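# Secondary and tertiary structure notes
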Amino acid sequence: MAVVCDRCGDILFSSNSAFMPDMRSDKDRVIGLLVKSVEVMIVKASSSITDKDEFELLGVGVGVPGNVDPIKGTTRYLPNFGWLDEVPLSRILKDALNRSDVCREYNCGTNLLKNLETKNIQMRNDGRCAALAERSFGYGKGLSSEECPVFCMLTLGTGIGGALICSKQDGSGGNILFDGCTYDAGDFGHHVMCSGEEAFPCVCGKRGCFEQHASAAGLARHYNSLLEAAYIHLSNDSAHYDQSAVAEFASSTTGSLHKITRKMAASCIVLGYTPEGGRFKKAPLTREEIEVYMQSLSPISLDNAKVVVDLVKDDDPVATLSWLAYLEDLSTGLANLISFYNPSVIVLGGGLGKSKELYAEWMGLTLQQRVDAKTLPATRKVCSIVASTMGGTAGAIGAANLVHAYA
Ligand SMILES: [Zn+2]
C-alpha cells in the first residue's frame, strides 16, 4: 500500500499495488513496484492539488517486513522475502526516483524530486511504523509525554510485531522509537516464554517463542494442538490420567486458575470436563465427537484464528479450553514485557488485538487481571492493556510519518 499523508496522519491519496507473495524474492520486481507506487502517488497528488505552492513533498518513508539499518538506509534481513543479505534500498530507490521521468514531469511545486537525497528516504521495520502511527494518531494521540512516557505496541497477526516508543523529554511533543544498539529492539515475538513439551517450535529455530503462542495464528495453533493431545489420549490405552487432579482442576472455576496445561486440558476433554461459557461443566465428549473435531483441524492461519474466536463465542468446549490456554500465554508474555520495559500502556493491534472478546472476563479474570497477577508489585496495575484504534493503514501512515520524525 502507498499513501500520501499530511503531518496529522491523514491520508490524502492512496493506492494498492497488485503484490503477489511469489514476487517477494525478486528484488528487481519489488524495487520496481516501490518506484511505481511512488510515481502513482506523485501523479495523483499533482493532478488533484490546484495550489501547488501549498503542497510540499518532504520525502519518502518505507516500511519493510524485517530488520533494517536506518542510518545506512539498508535492509539487512527480510526472512519473509528471502532477502538475507544487506540491500542498499534507500540508495537504489533514490537513484531510480531521480531518473524517473514521471518524477521530473510532475514535480508538485517542489524541487525535492529534482535531486532526491538519501536522507529524504526513511526506512524502518513495518511493525515499528504501525506503532509510531498508533502513538501519534491512534490510541496515543493526545497523550502527553508525562501521561505516556513509554508506549508499547504489539500486533497480533501471523507473528507478533512490535515497538517501544519513548516520548521526547524536550517539550517538543515528539516521539522516538527505541531502536536498540543495532536497530533490533522490538522483536518481542521471539522472546522465549515457554519451554518443555508445551513449547511450540518457531520459524527462527527456537522453541516457545512468544509469537508462536500468542499471535493470532498462535490461537489456531493452540486449538489444533489441544485436539491432537486429546486424540493421543484417546488413542493410547496406556495413557494415564490423574483423574482426581483433573476433577480438582475442572472444579476450580474461580479466578484462582492461572495456568492450564495442554495435557490437563486434553484430559478434561477426554474425561468429560468441558467448559461452557468459560466455566467447567461435566459434559463428556464421545470418541466419535473427538474424531469429528479432528476432521476440523486446518492450517494455522489468521482466518482459522477467527474461526476459533467464533467457536468460543458459541461456548464450544475445545475452543474455550484453547482460548484459556492462549490467554495464559499472552498474559505471560505481556507481563514479561512489563518487567523488561515498565511501559505506560501496551496497545494490541491486528484483528485479534482489537476483538472485544480478548478483554472480556473468562473464568473470572480479564486479560488485564491475568497480566497484573504475573507482574511485580512495583509495576502491577501501572500498565494498561488496550486495543488499537487504528485500521490496516497504520503501517503506511507510520512509514510516511518517518519523514517528519527523522528526516
Ligand atoms: Zn522465534
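Here is what the cut-offs are and how they apply
- Residues numbered from 1 in each chain as written.
- Predicted model: local features only at pLDDT ≥ 70, side-chain atom pairs only at ≥ 80, totals over all residues.
- Helix = DSSP H or I, 4+ residues; strand = E, 2+ residues; numbered from the N terminus.
- Expected span 1.5 Å × (residues − 1).
- Buried ≥ 20, exposed ≤ 12 C-beta atoms within 10 Å, placed from the backbone.
- Domains from an automatic or database assignment.
- Core = buried A, V, L, I, M, F, W, Y, C linked by C-beta atoms within 7 Å.
- Axes fitted to C-alpha atoms, helices over the stretch in contact; angles between N-to-C directions.
- Parallel < 35°, antiparallel > 145°, perpendicular 65-115°, else oblique.
- Left-handed = near helix turned anticlockwise from the far one by under 90°.
- Contact = placed C-beta atoms within 7 Å.
- Nonpolar A, V, L, I, M, F, W, Y, C, P; charged D, E, K, R; others polar.

Moving on to helix α11 (residues 317–341). The first and last C-alpha atoms of α11 sit 36 Å apart over 25 residues, in line with the 36 Å expected at 1.5 Å per residue. Most of α11 sits inside the fold, with 20 of its 25 residues counted as buried. One or two steps after α11, the chain reaches Asn342, where phi turns positive at roughly 50°.

Our next topic: the domain arrangement of the chain. You can read the domains of the chain as domain 1 (1–116) and domain 2 (189–387). Relative to domain 2, the C-alpha centre of domain 1 lies at a distance of 41 Å.

For the rest of this paragraph, the subject is the environment of Ile42. With respect to the secondary-structure elements, Ile42 resides in helix α1 (residues 27–48). When the 23 C-beta atoms within 10 Å are taken as the criterion, Ile42 is described as buried.

For soluble globular proteins, nonpolar side chains are generally found buried alongside one another. Core analysis: the biggest nonpolar cluster contains 101 residues, and Leu226 and Ile346 have the highest contact counts within it. Counting residues per element, this core draws most heavily on α11, at 13 residues. Two domains each put at least three residues into this core: domain 1 (1–116) and domain 2 (189–387).

It is worth spelling out unusual backbone geometry at this point. One non-glycine residue with positive phi stands out, namely Asn342, at about 50°. On the secondary structure map, Asn342 appears in the loop between α11 and β12 (345–349). We note that Lys381 has phi near 65°; this positive angle belongs to a residue other than glycine. For Lys381, the position within the fold is in the loop between α13 (367–373) and β13 (384–387).

Okay, the packing of helix α10 (residues 302–313) against α11 next. The packing of two helices is summarised by the inter-axis angle and the distance between the axes. Between α10 and α11, whose axes approach to 8 Å, the crossing angle comes to 110°. One element, α10, and the other, α11, form an angle in the roughly perpendicular class. The way α10 lies across α11 gives a crossing that is left-handed. Here Val308, Leu311 and Val312 of α10 lie close against α11, whose contacting residues are Ala319, Thr320, Ser322 and Trp323. Its residues assigned to classes, the contact of α10 with α11 comprises five nonpolar, two polar and no charged.

Given 3.6 residues to a turn, an α-helix orients residues that are three or four positions apart in the same direction. Relative to the 28 Å expected for 20 residues at 1.5 Å per residue, helix α6 (residues 216–235) spans 29 Å between its end C-alpha atoms, a close match to the ideal helical length. Every buried residue of α6 is accounted for by Ala216, Ala217, Gly218, Leu219, Ala220, Arg221, His222, Tyr223, Leu226, Leu227, Ala229 and Ala230.

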